[in-house]
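# Structural overview for review
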Amino acid sequence: MQDYEQFQRIHLDVLKEIGNIGAGNAATALSSLINRKVQMTVPIVNIVSFDEMMMEVGGKDEVQAAVFVQATGDLSGSMFFMVPPEEADLFSQLMIGDQSKTVSNGDELATSAFLELGNILTGSYLRALSDFTSLEVVQSVPQVAIDMVGAMLTQGLLEISVSSDQAIMIETVLHDIEGMKREIRGHFFLLPNPETYTSIFESLGVNQL
Amino acid sequence: MSQQVAEVIKVGIADLNIAEHPETIMTAGLGSCVGLILYDNFSNIAGLLHVMLPDSTMARNQSFKEGKFADTGIKALIEMLERKGVRRTNLKAKMAGGAQMFNVNSNNEMMKIGSRNIEAVKKQLEEYRIPIVAEDVGGNRGRTIEFLIDQSTLKVRTIQEGVTYI
């Protein structure tokens, strides 16, 4: 299934709902981790070229901190949790209670705290998807990096690029975290592999393409 | 004399293009992808290819961007340069990229695509008998590159190391 042109409104709405349920669960997990209220935006589902996708996160050489996981099983694809480096610092400081350690300076404790945060968030996102669709989702060991957005996101596009020049990007933004002085934004990107769409739509009883 | 503002030609992922001095040509955020520059010392023209995958036999669809794969991309770039009058036998190469951004320990071949891309580009260049003059490949950092045509110099920027010229 690589011909996204056949996708109809209903298919995109189903994917939007998937983003909603996944990110909703992740937002709840984040909220209880840092003991603050967390808001999230309505998910955006876009069929985009690889370059367009990079623009969504501020351009290819914009620097972000990312946790990357691969999903395998009935529902396969790549997932990223991305935040600006200074927000990764803030999150990890909230978790370890030490202001002197930062992810952006490569501190090991701070980095592993951020990785664990990403692990929990992507895990709750994917678990919600699995429950909703009754599809098996196996999550890989998460990986962390702070680097150029384009360089990191490409890893999630490789499987897709074998069969298409476009990707479907399910994007949700967490924001307005209670008690934070400035606007904090965290992005979730879910990039399903093309062959997984049939399973998703079938399991949710949406008419086939 | 009117002031000339040199334009920067930006090449996207899985894409290719050429530029003529005083233009420069660049591509941003290379991770596992390889950025390849083909140029000569006689014309003021250089080409850039942003390779994503090593080989077009991997393609599962009939039509794809030729710049996506090392084999189809290099062929297309050489032909594009030749149409501008650049001679194939004069071509030289500089390349950067092919990093492993995430240290994933898995059997998934896609996780080691950076080194496979480097290998594939080198193999193609060898077949076309195009010498590699300079390279900055491998590692685990993202790179943004820009080629300064009149100096035949490739500017490589990473987050950690800053800017280097090769």
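Residues numbered from 1 in each chain as written. Chains lettered and ligands numbered in written order. Predicted model: local features only at pLDDT ≥ 70, side-chain atom pairs only at ≥ 80, totals over all residues. Heavy atoms only, no water.

### Observations regarding the sheet that holds strand S8 (residues 143-148) of chain B
Residues and elements named next belong to chain B. Spelled out, the test is: Paired strands, in this sense, are two strands between which DSSP finds at least two bridges. Only DSSP runs of H or I with at least four residues qualify as helices, and only runs of E with at least two residues qualify as strands; both kinds are numbered from the N terminus onward. Every axis corresponds to a line fitted to the C-alpha atoms, with the helix fit spanning only the stretch in contact, and the corresponding angles, defined between N-to-C directions, vary from 0 to 180 degrees.
The five strands lie next to each other as S1-S3-S8-S9-S10, forming an open sheet whose pairing is mixed. Each of the sheet's edge strands pairs with one partner strand only, and the pair in question is strand S1 (8-10) and strand S10 (162-165). Strand-to-strand twist in this sheet, taken as the mean axis angle between neighbours without regard to direction, amounts to 25 degrees. When strand S3 (residues 24-30) meets S8, the two strands line up antiparallel, connected through four bridges. In the sheet register, Ile25 faces S8, and the bridge partner there is Phe147.

### Considering the interface of chain B and chain A
Size of an interface, as often reported, equals the accessible area lost when the parts are brought together. Going by this rule: Residues count as neighbours in contact if any of their non-hydrogen atoms are within 4.5 Å of one another. By definition, the buried area sums, over both parts, the 1.4 Å-probe accessible area that each loses when the two are put together. Salt bridges are defined by distance alone: a side-chain nitrogen of Lys or Arg within 4 Å of a carboxyl oxygen of Asp or Glu. N or O atoms within 3.5 Å of each other form a polar contact, as long as, within protein, one can give a hydrogen and the other can take it, and as long as residues adjacent in sequence are counted only when both atoms are side-chain atoms. Classification convention: Asp, Glu, Lys, Arg as charged; Ala, Val, Leu, Ile, Met, Phe, Trp, Tyr, Cys, Pro as nonpolar; all other residues, Gly among them, as polar.
The interface is formed by 34 residues belonging to chain B together with 30 residues belonging to chain A. Between chain B and chain A, roughly 2,700 Å² of surface is buried when both sides are summed, and carbon and sulfur atoms account for 59% of that area. The largest contributions to the chain B side of the interface with chain A come from B:Ile13, B:Arg60 and B:Phe102, which together make up 25% of the buried area. Counting the contacts that link chain B with chain A gives two salt bridges. With a shortest N-O distance of 3.5 Å, A:Asp147 and B:Arg141 are connected by a salt bridge. Linking chain B with chain A are 10 residue pairs in polar contact (both at pLDDT 80 or more). At the level of elements, S3, S8 and strand S9 (153-158) of chain B are the ones that each hand at least two residues to the side of chain B that touches chain A. No other element matches S3(B), which puts three residues into the side of chain B that touches chain A. Taken together, the residues of the side of chain B that touches chain A break down into 17 nonpolar, 11 polar and six charged.

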